[in-house]
Amino acid sequence: MYNKFNLRFTPVIVGLAIATILPGCGLFNKKGTASEKMNRRGEVTGVAKRDSWQQNLPYDMVPVKAGTFWMGQSDEDIAFTQSSMNKQITISEFFMDKYEVSNNKYRQFLEAVKEGVYATGTPTTLKDEPQLNYDELRPDTTVWSTSFSYHYGDPLMEYYFDHPAFDNYPVVGVTWDQAKKYCEWRTYHQNANDEYNFDAPSFRLPTEAEWEYAAKGGKDVAKYPWGGPYLKNKRGCLMANFKPGRGNYIDDGFAYTAPVDVFAPNGFGLHNMSGNVAEWVLDAYAPTSRTATWDLDPVYDVPTEPRKVVRGGSWKDIAHYLETSTRTYEYQDVAQAHIGFRTVTTFIGRSGSMDVKSSARRRR
């Protein structure tokens, strides 16, 4: 009986012994012990025991996979700008805000700046806090009256940014410079308050090429984010918030801006890529910038050019400005009642993978 008992448990005992002894020899250890031994023998194997890391998907952002598309004019150039020549462009993957930045999200930024508190505890980043001035960052609410001639915009000037009724509406009255400051704060806010040793990529304005690629929603050529060529769906409902006809502003359901999540998203899950508010992008404006930029992740980054590209059209624009290829501009220090923005962040990983989940970020 003793022999049967002994034989029955012998494999278990031997297995435990192997599991105890061999890791000490570095054979089963995945932490890099074998590499350390090789390093001590003069071999180069890389730094051992590096933490792994997988990038997370930030809140209210969507992944935009890498791809190639035809950037440029998709219909008649009624403004005769001749600034949207067609060019095949390749874009790397990135994350983009699902919605335009709302009044309430921008208010969180202002409150953090006003209180001077960017980290909820001990910052988990070695970078310095951004230097921001509250008085220079508040939206200019007077744009509701000054942007238009003889227009009664006083109610919106008083209530649009501060009243909770407009919390989920897109922020307007912000300049290109202020939008960049918001990106700077959001980057520090994320990296200072997470639990990771290495910073995630910075938030920023999208490049013009990224914006147009994202607006097309995965279609190689698309007149509008929903494809086109029509402005209404099968039920006769307008697909965006703009100026139908010769001034029938309320035909789409909203006289001015609409909540950021009202109209249906495009193929990438992005809302209001056309209409509602036009959007600042990173590029400087030049009619010939398309010929000067490369065809892989292009950006016309000219700091000395004060004109910055604005894309997407707005609640006050006719349908032409809703087209994914239409280009306009505004001066970087000028705020308007029809211009807002959304942010992007670069995805670090294999081209075309984008197999990330919001809860899948690991220590690097």
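Here is a short report on the structure shown in this document.

Thoughts on the sheet that holds strand S1 (residues 61–64)
In spatial order, the strands read S1-S4-S10-S5; together these four strands make up an open sheet with antiparallel pairing. In this open sheet, the two strands that pair with only one neighbour each are S1 and strand S5 (203–204). As defined by bridge partners, strand S4 (residues 94–97) adjoins strand S10 (residues 344–346) across three bridges and the pair is classed as antiparallel. Looking across to S10, one finds that Met96 is bridged to Val344.

Re the packing of helix H3 (residues 103–115) against helix H7 (residues 176–193)
The geometry of H3 relative to H7 is characterised by a closest axis approach of 11 Å and an angle of 75° between their N-to-C directions. Taken as axis vectors, H3 and H7 run roughly perpendicular relative to one another. Two secondary-structure elements touch here, H3 through Lys105, Tyr106, Gln108, Phe109 and Ala112 and H7 through Gln178, Lys181, Tyr182, Trp185 and His189.

Concerning the pattern of salt bridges
Following the criterion strictly, the structure yields 13 salt bridges and no others. Lys105 serves as the salt-bridge partner of Asp60, at 2.9 Å between the closest nitrogen and oxygen. Highlighted residues: Asp60 in the loop between helix H2 (33–40) and S1 and Lys105 in helix H3, separated in sequence by 45 residues. Here Asp60 falls in the buried class, since its relative accessible area comes to 19%. Among the residues examined, Lys105 registers a relative accessible area of 28% and is labelled partly exposed. Overlapping salt bridges, with partners in common, bring together Glu208, Glu212, Lys216, Arg311 and Arg327 in one network.

The rules behind each value
- Residues numbered from 1 in each chain as written.
- Predicted model: local features only at pLDDT ≥ 70, side-chain atom pairs only at ≥ 80, totals over all residues.
- Heavy atoms only, no water.
- Pairing = 2+ DSSP bridges.
- Helix = DSSP H or I, 4+ residues; strand = E, 2+ residues; numbered from the N terminus.
- Axes fitted to C-alpha atoms, helices over the stretch in contact; angles between N-to-C directions.
- Parallel < 35°, antiparallel > 145°, perpendicular 65-115°, else oblique.
- Contact = heavy atoms within 4.5 Å.
- Salt bridge = Lys/Arg side-chain N within 4 Å of Asp/Glu carboxyl O.
- Buried < 20%, exposed > 50% of the residue type's maximum accessible area, 1.4 Å probe, protein only.

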